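So you can see what is in the structure, the chains are spelled out below.
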Amino acid sequence: MQWLYLYFPSLQLDSLLHQQAYNQACVLVHKNEVVQTNPEARQLGIKIGTGLAQAALLCAQLKVIAYESKQEQRLLAQLAQRLYQTSATLYLDPPQGLLLQTSDMLRLYKGLAPYWQQLQQPLMERGLHYHYASAHSPLAAQVLARAGNDRLLTNQDEATRLLSQLPIHRAGLDHKLSLQLERLGLNTLGQAQALPRSALGQRLGQTLVTFLQQLETSSAPSWPAYQPPERFRQRLELLYEIEHSTALRFPLKRLLSDLEAFLAPRQLRAAGLSLGLEYQEHASERLHIGCSDGEYRAESWLALSMLRLEQLKLQAPIIAVSLKTKGQMPWAPLSAQLFEPPGGKLTAGQLISRLQSKLGDHAVQQVYLQDDHRPERSFYQGLPQSHYQSQQATRALRPSLLFTLPQALNHKPDHRWCILSGPERIQSGWWDNVSICRDYFIARNPIGQVCWLFRTPREEWFLHGYFS
Amino acid sequence: MVLLQLEKERLVWRARQVAGPDHRRQSSFYPTLDAHLQGGWPHSGLVELACGPAGIGELRLLLPLLAQAQSRLQVWINPPAELNGQALAQHGIDLSQTLLIRCQNPQQALWSAEQSLNSGCFSHLIMWALRLTAPQAKRLQVSAKDNQALMFWLHSQAEPSTSALPVSARLSLAPVATGLRLQIYKYQGLWPQHPCQVDMHELWPSLATPGHSSPHHVPVLMNNIVALPSKLW
């Protein structure tokens, strides 16, 4: 079996800096020690392992960001998710490595070079620095990649030769062990490999023997291969704090294009997105953006989200954005009507989602009927649903415009009013304590409005609607 | 050269560039109105209806049309009161094809009207709005024409707005005993017309004023209303 190892020495830093062109020295710091640097910082002489104080002395305008191993693991998983489109079997090697099994993929891509080209593309898009190496065993590929080999080897002999020339201190052994080996006068890995294993084991411990053995075994690693998640979930940490909701467009665009890359190959669409905004020194906020028809395209989701965000007032600067899907469903044909004359640009569902994002969920409604004799309860307004069975309407004549609250009439209708029909007594609702007892009349008032009036037992008159 | 310049700036029109008025009509299902308007409502475009006070029969004028044309959705924007689903369903309107939009300000109402028209999923729009400016009316008119939708703009003034608005038709409604009296101020493809009476008596017999059109109808007097029980239960 052939293996390819990708090593990302500055994964978190690269992902942060990729958001914006940033051409000043920037480092990630963990426990007062520099762990990741950008090229500008390296030029100034800041190395990995440099103390924070020394780094600050070397560059006054140094941007210092805290290293977060959790975030880096998340980034690695995101990257694996993307590379999974190209390569079937891959293993995460946190915090900064990915191991890919290449032998199965070579037939598909017709050779190592086209395959490698496919793999490189997403790495370039993300602006990542990486080292790579291919070899006959997972560990050999890892050691070569971490040593910065950057070559694709198909030949086992050549890999073995390169390994044997590798200085001991760059083989990835722990510091104490490599020091011990160097004291024995073993300066390259090849020298250690040449010695009898049992003697090495007795002297320097079992770890070294296992290490040397694994350099030669080409079987898959012991931990399970990467399985892509069922649902999309991603978090993006921002290099700068965002204070205006419209400026969220750019980070959001990136998240949404990842979403599209997640949904499209699976032939899925998302019914809704949950957008998490993490504030500085404030509880984070979640926004729900719905699309009743489901959608997978980044462009459509961006338009919907921006409609929603335009109305949002940020409580505090935003430091990170996260995105997850709410409800995924398979693709369905966009239009059922083949012979519908005018080509609609949007489906009804898409339009409803767009309106809801701008106006709020409850601004767009549909009217539903209900079995109740009380006029104000004989129908209700709810969120639009695409399929429902409409009920039978009442036979009695009802006004098309109805007031939610009946309006009291100041005067009893006099001779200038013309009663057209009535009374119709509605006495109902004793079972739920909203009982009514009303005599309804249809009457035309002096200015010609056809009104729906009722009279209560206390001889009070109310206007309840218009036969508009 | 001057002519070209003028043409470019759309100050001069060639006769062949101007599309003739759209003579396609959709029936209003009121025979007198159809005859008067040479076939009914415009096929698409924006129609201004100056209704005066709500409740004189302005929706009754439109309901037969809406009940017949349901291949696409219909939308109601900012009705002055709740839309009674029972009444709409009674007149044959499919509620699953009907959307109701409530906006907090006029800008949002116009935005949703334009979005709805441009989506191409609506055949009819009914919007209540106080006033439209000429550019707003033009945008709605163009959107409606492009997407083959008919939009009714209802407002509560008794007289239509100034004549400068680029709409397909501008009418004012006034109540009469049997229905409505329509004054036609502008109607694309028609010369100015006399007012027209729409008789709603046949479709809504119980809403016509007794004595005028239905002699057999016995007027109910206020005084012989059956008394309600003075006490409940």
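What counts and what doesn't
- Position labels on residues start from 1 in each chain and follow its written sequence.
- Chain letters start at A and ligand numbers start at 1, both assigned in the order the entries are written.
- Local features in a predicted model are, by the rule used here, given only for residues with pLDDT of at least 70; side-chain atom pairs are given and counted only at 80 or more, and totals for whole chains, interfaces and linings are based on all residues.
- Helix numbering and strand numbering both begin at the N terminus, where a helix is a DSSP run of H or I of at least 4 residues and a strand a DSSP run of E of at least 2.
- We call a residue exposed when 12 or fewer other C-beta atoms sit within 10 Å of its C-beta, buried when the count reaches 20 or more, and partly exposed for counts in between; the C-beta positions come from the backbone.
- What counts as a contact is two residues whose backbone-derived C-beta atoms lie within 7 Å of each other.
- Polar here means any residue other than Ala, Val, Leu, Ile, Met, Phe, Trp, Tyr, Cys and Pro, which are nonpolar, and Asp, Glu, Lys and Arg, which are charged; Gly is therefore polar.
- Pairing between two strands is assigned when DSSP locates at least 2 bridges connecting them.
- Angles here are taken between N-to-C directions and fall from 0 to 180 degrees, while the axes themselves are lines fitted to C-alpha atoms, restricted in helices to the stretch in contact.
- Orientation is classified from the angle alone, with under 35 degrees giving roughly parallel, over 145 giving roughly antiparallel, 65 to 115 giving roughly perpendicular, and any other angle giving oblique.
- Here pLDDT means the predictor's own confidence in every residue, given as a number from 0 to 100.
- For any helix crossing, the convention is left-handed if the near helix is rotated counterclockwise from the far helix by under a right angle, and right-handed if that rotation is clockwise.
- Within this analysis, the arc is defined by the directions that extend from the helix axis to the C-beta atoms.

Caption draft 1: Layout of the overall build of chain A. Along its length, chain A carries 15 helices and 19 strands. Sorting the 468 residues of chain A into buried and exposed places 32% on the buried side.

Caption draft 2: The interface of chain B and chain A, seen in detail. Every contact between the two is made by 53 residues of chain B and, on the other side, 57 residues of chain A. Among the elements of the structure, α3 (58-68), β5 (82-83), α4 (85-90), β6 (98-101) and α5 (106-119) of chain B are those that each provide at least two residues to the side of chain B that touches chain A. Considering every element that reaches the side of chain B that touches chain A, the biggest residue donor is α5 of chain B, with seven residues. Here the side of chain B that touches chain A is composed, by residue class, of 29 nonpolar, 20 polar and four charged. In this structure, strand β15 (residues 401-408) of chain A lies alongside β5 of chain B, joined through two bridges in antiparallel fashion. By the bridge assignment for β5 of chain B, leucine 401 of chain A is matched with leucine 83 of chain B.

Caption draft 3: Geometry of the sheet that holds β6 of chain B. The strand order β14(A)-β13(A)-β6(B)-β4(B)-β7(B)-β8(B)-β3(B)-β9(B)-β10(B)-β11(B) describes an open sheet built from ten strands, whose pairing is mixed. Each edge of the open sheet is held by one strand with a lone partner, namely β14 (379-382) of chain A together with β11 (196-199) of chain B. Taking each pair of neighbouring strands and ignoring which way they run, the sheet shows an average axis angle of 25°. Bridging between strand β9 (residues 169-176) of chain B and strand β10 (residues 179-187) of chain B involves eight bridges; their strand directions are antiparallel. Its bridge partner being in β10 of chain B, leucine 171 of chain B is matched across the sheet by isoleucine 184 of chain B. Across the sheet, helix α15 (residues 348-359) of chain A is in contact with β13 (364-369) of chain A together with β4 (73-77) and β6 of chain B; its angle to β13 of chain A comes to roughly 115°.

Caption draft 4: Quick peek at unusual backbone geometry. Here proline 94 of chain A and proline 95 of chain A are connected by a cis peptide whose omega angle stands at 5°. Take proline 95 of chain A: it is sitting in the loop between β5 (90-93) and β6 (97-101). The phi dihedral of asparagine 433 of chain A is positive, around 65°, even though this residue is not glycine. Relative to the assigned elements, asparagine 433 of chain A resides in the loop between β16 (418-428) and β17 (436-444). Despite not being glycine, glutamine 148 of chain B has its phi angle at roughly 55°, a positive value. Among the structural elements, glutamine 148 of chain B can be located in the loop between α6 (134-146) and β8 (150-155).

Caption draft 5: Just the packing of helix α1 (residues 11-18) of chain A against helix α4 (residues 69-83) of chain A, in detail. Residues and elements named next belong to chain A. At their nearest, the axes of α1 and α4 sit 9 Å apart, and the two run at 75° to each other. Compared by their axis directions, α1 and α4 come out roughly perpendicular. Of the residues in α4, those in contact with Leu11, Gln12 and Ser15 of α1 are Gln71, Glu72, Leu75 and Leu76.

Caption draft 6: Representation of the sheet that holds strand β2 (residues 26-30) of chain A in the model. All names here are of chain A. Read from one edge of the open sheet, three strands run β3-β2-β4, paired in mixed fashion. In this open sheet, the two edge strands, each paired with only one partner strand, are β3 (33-37) and β4 (63-66). Adjacent strand axes in the sheet meet at a mean angle of 40° when their direction is disregarded. In terms of strand pairing, β2 meets β4 through four bridges, oriented parallel. Each residue of the ladder has a partner; that of valine 29, found in β4, is alanine 66. Against the sheet, α1 engages β2, β3 and β4, with an angle of about 140° to β2.

Caption draft 7: Region of the structure containing the confidence of the model for chain B. A residue-level look at chain B finds 85% of positions with pLDDT of 70 or above and a mean pLDDT of 82. Here the complex is predicted with pTM 0.66, and the ipTM for its interfaces comes to 0.81.

Caption draft 8: Fine view of the packing of helix α7 (residues 138-146) of chain A against helix α8 (residues 156-165) of chain A. Residue and element names in this part refer to chain A. The contact between α7 and α8 brings their axes to 11 Å, and the two run at 55°. Viewed along their axes, α7 and α8 adopt a mutual orientation that is oblique. Between α7 and α8 lies a crossing whose hand is left-handed. Along the contact surface, α7 presents Ala140, Val143 and Leu144, while α8 presents Ala159, Leu162 and Leu163.

Caption draft 9: Broad picture of α8 of chain A. Residues and elements named next belong to chain A. Turning to α8, its buried residues number three or more, namely Ala159, Leu162 and Leu163. Angular distribution of buried residues about the axis of α8 spans 100°; they occupy a single face of the element. Of the exposed residues in α8, the ones pointing more than 90 degrees away from its buried face are Asp157, Glu158, Arg161 and Gln165. On the buried face of α8, the contacting elements are β7 (131-135), α7 and α10 (189-194).

Caption draft 10: Representation of the environment of glutamine 356 of chain A. Residue and element names in this part refer to chain A. Counting through the fold element by element, glutamine 356 comes out in helix α15. Sequence-wise, glutamine 356 and leucine 383 are 27 residues apart; in three dimensions their C-alpha atoms are separated by 9.9 Å. The residues touching glutamine 356, leaving out its near neighbours within four places in the chain, are Gly290, Asp361 and Val364.

Caption draft 11: Geometry of the environment of alanine 109 of chain B. All names here are of chain B. Looking at where alanine 109 falls in the secondary structure, it is placed in helix α5. For the pair alanine 109 and tryptophan 128, spaced 19 residues apart in the sequence, the C-alpha separation amounts to 8.9 Å. Ignoring sequence-local partners within four residues, the contact set of alanine 109 consists of Ile77, Asn78, Cys103, Met127 and Ala129.

Caption draft 12: Just the pairing of β6 of chain B, in detail. Residues Thr98 and Leu100 of chain B point to one face of β6 of chain B and Leu99 and Ile101 of chain B to the other, with burial holding for every one of them. Bridging between β13 of chain A and β6 of chain B involves two bridges; their strand directions are antiparallel. Opposite glutamine 365 of chain A, over in β6 of chain B, you have leucine 100 of chain B as the bridge partner. Bridge count between β4 of chain B and β6 of chain B: four bridges; the pairing is parallel.

Caption draft 13: Spotlight on the pairing of strand β18 (residues 450-455) of chain A. All names here are of chain A. With respect to burial, β18 is a largely interior element, six of its six residues being buried. Alternating residues of β18 divide into Val450, Trp452 and Phe454 and Cys451, Leu453 and Arg455, and every residue in both groups is buried. As paired elements, β17 and β18 share six bridges and run antiparallel to each other. Across the sheet, aspartate 439 pairs through a bridge with arginine 455, a residue of β18. Between the end of β17 and the start of β18, which pair antiparallel, lie five residues, with glycine 448 showing a positive phi angle near 100°. The pairing of β18 with strand β19 (residues 461-466) spans five bridges and is classified as antiparallel. Across the sheet, residue arginine 455 finds its bridge partner in β19, namely tryptophan 461. Adjacent in sequence and paired antiparallel, β18 and β19 are bridged by five residues, among which glutamate 459 carries a positive phi angle near 65°.

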